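A look at the structure
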Amino acid sequence: METDAFATVRRQLGGISRRDFIKFCTVLAAGMGLPLSAGARIAEAVVTAKRPPVIWLSFQECTGCVESLLRSSHPTLEHLLLDLISLDYSETLSAAAGHQVEEAKADSIKANKGRFVLVVDGAVPTKDNGIYCKIAGKTALEILKETAPHAGAVIAMGSCASWGGVAAAGSNPTDAVGIVDLLPKQKVVTIPGCPPNPYNLLSTVLYYITFKKLPELDEKGRPKFAYSRIIHENCERRPHFDAGRFAQQFGDDLHRRGACLYKLGCKGPETYANCPTVLFGETGAGTWPVGIGHPCFGCTEEKVGFKTPLFTLANIKELSPPVFFSEAFPDKSGISPGIKVLAAGTAGMAIGVGGTAALAALKRSDADDEGDEKGRGDGKEV
Ligand code: SF4
């Protein structure tokens, strides 16, 4: 029988069915590499757990990290995240401003010492004692140093907060750095990306709420469920790379026909992220940079995005088989048409299906997953 809490959450999520809600949580669990049974646990935690207080600080940034969360075409993702947490302070989202808000932040830090989650987007300028970014009379450097030690968990949202990103690019006139460099004694979860995928934040928060600990992280602090596979493995243009079909310039015939973007500077072969499988903007087929014809910029890799010129060829780190082979050009040699081999491990497939299926679960009332994978890549391949 449905509890009041369950009904409330479903209402907040736009009245989706109980079945779809459970399905959504189950697919998110699969996306995190958890057994499917963890979906029920996550669903339970969503409706019963006390909402963790969150302080969200924005420093040297373009607001793209917050925008990517808020501007998803389907409102459920943003609602789910904002309903899951108690957002006690956010310069971008607060309706109130000035002393009132600063007092609310101080009160929340005091009341929730060691329990609140600190989310930071944007880099921190360090030149001239950090005077290039000040909020309420304090530098970003001061705010970070006085807030982070009291947090239960610290999340760097986006490439700038993780390791400097765009603010630290080129000559880096303000000596901007990511918060990882400034908090050497604290574990910082990094969710790099420009913008980062909001699903990765949602999944990290859900994991923290459900299991009372952080998900497994790689050596750069990135959740392994989202950043353990190289983009090149999951890319729908991979058959063209393997067959040697490369777009030579933007707008040429091969570019328009969906060929590989390696020669246009695609950094997919040296970048770890789940962009090709989770996608962006919740609009479905192909909505990620490579899917719409732009080479991967490498924004989730510390020494690639914002550090390597786009026109340089990527360093091919490893050449493991792709997770799946989609149809290549039927009229060309190389990969024979129709090859569809499930070549890689099931974990990758779970991650791959995770994001898009989660969206589908919310958008459909009936369990009819047929056609999801088929839809991806439509219009790009001939
Ligand atoms: S080089 Fe880029 S476009 Fe080509 S297969 Fe790899 S990730 Fe995809």
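Let me sum up the structure you'll find in this document. Because the structure is predicted, anything quoted here is derived from the model rather than measured.

Where helix α3 (residues 38–48) contacts helix α10 (residues 198–211), the two axes come as close as 9 Å, and the packing angle between them is 85°. Taken together, α3 and α10 sit at an angle that is classed as roughly perpendicular. Across the interface between the two elements, A38, R41, I42, A45 and V46 from α3 touch L206, I209, T210 and F211 from α10. Class assignment for the residues of the contact of α3 with α10 results in seven nonpolar, one polar and one charged.

Let us look at helix α2 (residues 18–31). Between the first and last C-alpha of α2 there are 20 Å, a value that for 14 residues agrees with the 20 Å anticipated at 1.5 Å per step. Burial analysis of α2 places 11 of its 14 residues in the buried class, which makes it a mostly covered element. Residues D20, F21, K23, F24, C25, T26, V27, L28, A29, A30 and G31 constitute the buried set of α2.

The subject of this paragraph is the environment of K213. Structurally, K213 can be placed in the loop between α10 and α11 (224–227). For K213 and G152, which are 61 residues apart along the polypeptide, the C-alpha to C-alpha distance reads 9.9 Å. If near-sequence neighbours (up to four positions away) are discounted, K213 is found in contact with Y207 and Y208.

Quick look at the nonpolar core now. Of all hydrophobic cores here, the largest spans 53 residues; its most connected members are L34, I42 and W288. Residue contributions to this core peak at eight residues, all from α10. Two domains each provide a minimum of three residues to this core, namely domain 1 (49–227) and domain 2 (229–382). Among all residues touching L34, those that are not within four sequence positions of it are A29, I42, Y207 and F211.

All residues adjacent to the ligand are H232, C235, R237, R238, F241, C260, L261, Y262, C266, G268, P269 and V290. Of the residues contributing to the shell around the ligand, the split by class is eight nonpolar, two polar and two charged.

What counts, and where the lines are drawn
Residues numbered from 1 in each chain as written. Predicted model: local features only at pLDDT ≥ 70, side-chain atom pairs only at ≥ 80, totals over all residues. Heavy atoms only, no water. Axes fitted to C-alpha atoms, helices over the stretch in contact; angles between N-to-C directions. Helix = DSSP H or I, 4+ residues; strand = E, 2+ residues; numbered from the N terminus. Parallel < 35°, antiparallel > 145°, perpendicular 65-115°, else oblique. Contact = heavy atoms within 4.5 Å. Nonpolar A, V, L, I, M, F, W, Y, C, P; charged D, E, K, R; others polar. Expected span 1.5 Å × (residues − 1). Buried < 20%, exposed > 50% of the residue type's maximum accessible area, 1.4 Å probe, protein only. Core = buried A, V, L, I, M, F, W, Y, C linked by side-chain atoms within 4.5 Å. Domains from an automatic or database assignment. Near = heavy atom within 4 Å.

None of this, on its own, says anything about what the molecule does.
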